[in-house]
Amino acid sequence: MGDSLRDRQTDIVIAHHRDGVAVIEVKGHRVSIDQGIWKAHGSPMTPQPLAQAKDNAYTLRSRLRATHPTLSRLEVAWAVALPNTTVIDGRLPMEIDQRQVLTCDRLEHARDAVDELMSYRLAQPLGQVGIERLLQLLRPDVDFAWDPEARARLARAKLDVICAEHVSVLSRLDLNRKVCVTGGAGSGKTRLAVEWVRRGLDRGERVLLCCYNDPLGGELADRLPDHERLVVGAYFPLAMSLSGMVELDVPDDAGRDWWDQVAVGHLQRHWHEITQRFDTIVIDEAQDFSPAWLAQLQQLLDPHGPRRFLMVADEAQGVYSRGFTLPSPDDGWARCELITNCRNTFGIASLLSARLGGPAAPEGAMPEALGIGYVEANDLDTLSELVIEECDRIIDHEGHAPARVLVATFGSEVRDRLRDEHAFVRWEDSDDQTIVCETVHRSKGLEFDYVVLAATSNDMSDALLYVGVSRAIAGLTVIGPAALAARLGLELP
């Protein structure tokens, strides 16, 4: 690194497209401070570490500011790392923040130390332009291709490996006839359900896989092969399509009351006419089902077959209150619990665990979140404006694919307003160039790289909030009243 007068050398430059840039000087000496002078082995250090770090940071700042108008107010943080010093004899200068001195005990948790350094003063995001200009200054010999989706892909890949390891041992629980596995959001329940289906097909069995909501039913169908011995879908359309079931005309304006009364009554009257039978039935998100629905599905097991009925459930996501209770081992059920969150990146998993009772993330294994943020909105007009601004930032500035972004609301009124004003779409109508906007209820079981959670109040249940936050794999923005941010422990603007 150089300026107009002389070349400069620095040990570490840390750069992040969102969190900014920092210069860190590393000194291997055991140091002391005597009347403001840094010493090693009793002699003054030359150059003085803090002055060296600050000088290099300011020089880098000046060079970067001059390269592009968007960097004109860029700040560069700076620090000194002392890997062989635990405690500094003497007092730090008044103008130095403790976060700028990284002693060996703080370096034991280097990620936390760097996060604190980058956040101790308000940093301007570098973005793609800043990263490219920084590399041009420091390493012009490096070929660099900006790929904003790379971190999201890497996070998904790492989480996929972690999840596979955690659920593989439970796949053999299907040797039992009745199994119920519980676990929080992201613990691998759906993966386990899909694995049970694959194992059943491999054994030559007729398999039914059922959930409650339509988007998850479509997602499950996409994960599995089109097989003549497999039936996959959401409860109502699946039940209506079974052989022998009497056809029912569904009105275009059918709402929840119609489904809960007319459709349920129709199924109850004609269930005995179904002729289709299965060897294994798998229920995903069983907490969404009423005990009567589960009993009906069990009647579809062939009495001459293995009669496997396998469920995965999370009572914390029970937002429909249909009376589901966990079955008892005394009634012949094998029970097990998945206890680790392997869907959400570390920051989101930690938020879920600390604030909403979600499962913990495995220490040291999870990739870091792309970002967790909050923007205040107290009315629907403001909310609508801020949601589209945030989506534009995620897609245009950070470069995420529209299809990997979900806008989730806590009610249909907000959802419909956002769809009308911003051309967001239903899950069923989505493609590579559209943003899905659904209620949290309909998004249960789905997952997206980035979720914008939009709310006009703070009166949703913990269960519904838990479902909404846990849809986000790597990035989360909450837009709503300040009370909601405080509830989630998010930093107020």
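Given the structure is predicted, the values throughout are model-derived calculations rather than measurements.

Cut-offs and rules
- Think of each chain on its own: its residues are numbered from 1, step by step along the sequence as written.
- Per-residue local features are limited, in this predicted model, to residues with pLDDT of at least 70; the limit for side-chain atom pairs, both in listing and counting, is 80 or more; totals at the level of whole chains, interfaces and linings are taken over all residues.
- As a convention, hydrogens and water are excluded, and side-chain values are obtained from all of the structure's heavy atoms.
- Counting from the N terminus, the helices are DSSP H or I runs at least four residues long and the strands are E runs at least two residues long.
- Buried residues are those whose accessible area, probed at 1.4 Å on protein chains only, stays under 20% of the maximum for their type, while exposed residues exceed 50% and partly exposed ones sit between those limits.
- Pairs of N or O atoms are called polar contacts if they sit within 3.5 Å, as long as, within protein, a hydrogen donor faces a hydrogen acceptor (for residues adjacent in sequence, only side-chain-to-side-chain pairs).
- What makes two residues a contact is simply this: any of their non-hydrogen atoms within 4.5 Å.
- Being paired, for any two strands, means DSSP has found at least two bridges between them.
- In this description, a line fitted to the C-alpha atoms serves as the axis of each element, helices being fitted only across the stretch in contact, and the angle between N-to-C directions of two axes falls anywhere from 0 to 180 degrees.
- Any carboxyl oxygen of Asp or Glu within 4 Å of a side-chain nitrogen of Lys or Arg constitutes a salt bridge here.
- By convention the crossing between two helices is left-handed if the near helix lies anticlockwise of the far one by an angle smaller than a right angle, and right-handed if it lies clockwise.
- Any residue that is not Ala, Val, Leu, Ile, Met, Phe, Trp, Tyr, Cys, Pro, Asp, Glu, Lys or Arg is counted as polar, Gly included; the first ten are nonpolar and the last four charged.
- Two aromatic rings, drawn from Phe, Tyr or Trp (for Trp, its six-membered ring), form a pair once their centres lie within 6.5 Å of each other, and the interplanar angle then sorts them: stacked below 30 degrees, edge-to-face above 60, tilted otherwise.
- pLDDT is a per-residue confidence score from the predictor, ranging from 0 to 100.

A few words now on the environment of T103. One can find T103 in strand β7 (residues 101-103). For T103, a relative accessible area of 6% gives the class buried. Along the chain, T103 and V80 lie 23 residues apart, while their C-alpha atoms are 8.4 Å from each other.

In this section: the side chain of R308. With respect to the element layout, R308 can be found in strand β12 (residues 308-313). Within the local environment of R308, its side chain forms a polar contact with the backbone oxygen of D174, the two atoms lying 2.6 Å apart. Discounting residues that sit within four places of it in the chain, R308 has contacts with D174, N176, R177, R203, E205, D279, T280, I281 and L301.

So, on to the sheet that holds strand β6 (residues 76-82). Ordered in space as β1-β2-β6-β7, the 4 strands form an open sheet in which the pairing is mixed. A strand with exactly one partner marks an edge of an open sheet, and here the two such strands are β1 (12-16) and β7. Ignoring strand direction, the axes of neighbouring strands in this sheet form an average angle of 25 degrees. Packed on one face of the sheet, helix α4 (residues 127-138) meets β1 and β2 (20-26) and runs near 160 degrees to β1.

Next up on the list: the pattern of salt bridges. If the charged atoms of two oppositely charged side chains come close together, the side chains can form a pair. Enumeration according to the criterion identifies 28 salt bridges in this entry. A salt bridge links R65 to E75; the nearest nitrogen and oxygen atoms lie 3.1 Å apart. In this pair, R65 is assigned in helix α1 (residues 49-65) and E75 in the loop between α1 and β6, connecting sequence segments 10 residues apart. R415 is the partner of D416 in a salt bridge, and the nearest nitrogen-oxygen pair spans 3.0 Å. Salt bridges here are not isolated pairs; linked through shared partners, they connect D174, R199, R203, E205 and R308.

Here the focus is the packing of α1 against α4. In a packed pair of helices, the relevant descriptors are the angle between the two axes and the axis-to-axis distance. As a packed pair, α1 and α4 sit with axes 10 Å apart at the nearest point and diverge in direction by 120 degrees. At the point where α1 passes α4, the crossing takes the right-handed sense. Contacts between α1 and α4 involve L60, R63 and L64 from the former and R133, L134, L137 and L138 from the latter. In terms of residue class, the contact of α1 with α4 is made up of 5 nonpolar, no polar and 2 charged.

Next up on the list: the packing of aromatic side chains. One pass over the structure, following the stated rule, counts 11 aromatic pairs. Residues Y212 and Y320 carry aromatic rings whose centres are separated by 4.9 Å and whose planes lie at 65 degrees to one another, so their mutual orientation is edge-to-face. Within this pair, whereas Y212 is found in the loop between β9 (207-211) and α7 (214-223), its partner Y320 is found in the loop between β12 and β13 (334-338), the two being separated by 108 residues in sequence. As far as burial versus exposure is concerned, Y212 and Y320 are alike and both buried. For the ring pair Y235 and W293, a centre distance of 4.5 Å and an interplane angle of 10 degrees mean the geometry is stacked. Taken together, the residues Y235 in helix α8 (residues 235-241) and W293 in helix α10 (residues 291-298) connect sequence positions 58 residues apart.

Looking along the chain, the bond that leaves T46 and enters P47 is cis, with omega of -5 degrees. Even without being a glycine, R307 presents a positive backbone phi close to 55 degrees. With a relative accessible area of 30%, R307 lands in the partly exposed category. Of note, the phi angle at A423 is positive, near 60 degrees, even though the residue is not glycine.

Next up on the list: the confidence of the model for the protein. When pLDDT is averaged along the protein, the result is 89; 96% of the residues meet or exceed 70. Highest mean pLDDT in the protein belongs to strand β11 (residues 280-283) (98); lowest belongs to helix α5 (residues 150-167) (79).

The parallel open sheet is built from 6 strands, whose spatial order is β10-β9-β11-β12-β8-β13. Each of the sheet's edge strands pairs with one partner strand only, and the pair in question is β10 (230-234) and β13. Between one strand axis and the next, the sheet turns by 15 degrees as a mean value, whatever way the strands run. Across 5 bridges, the pairing between β9 and β10 is parallel. Bridged to V207 within β10 is L230. Each of β8 (178-183), β9, β10, β11, β12 and β13 touches helix α6 (residues 189-202); the most contacted strand, β12, lies at about 165 degrees to it.

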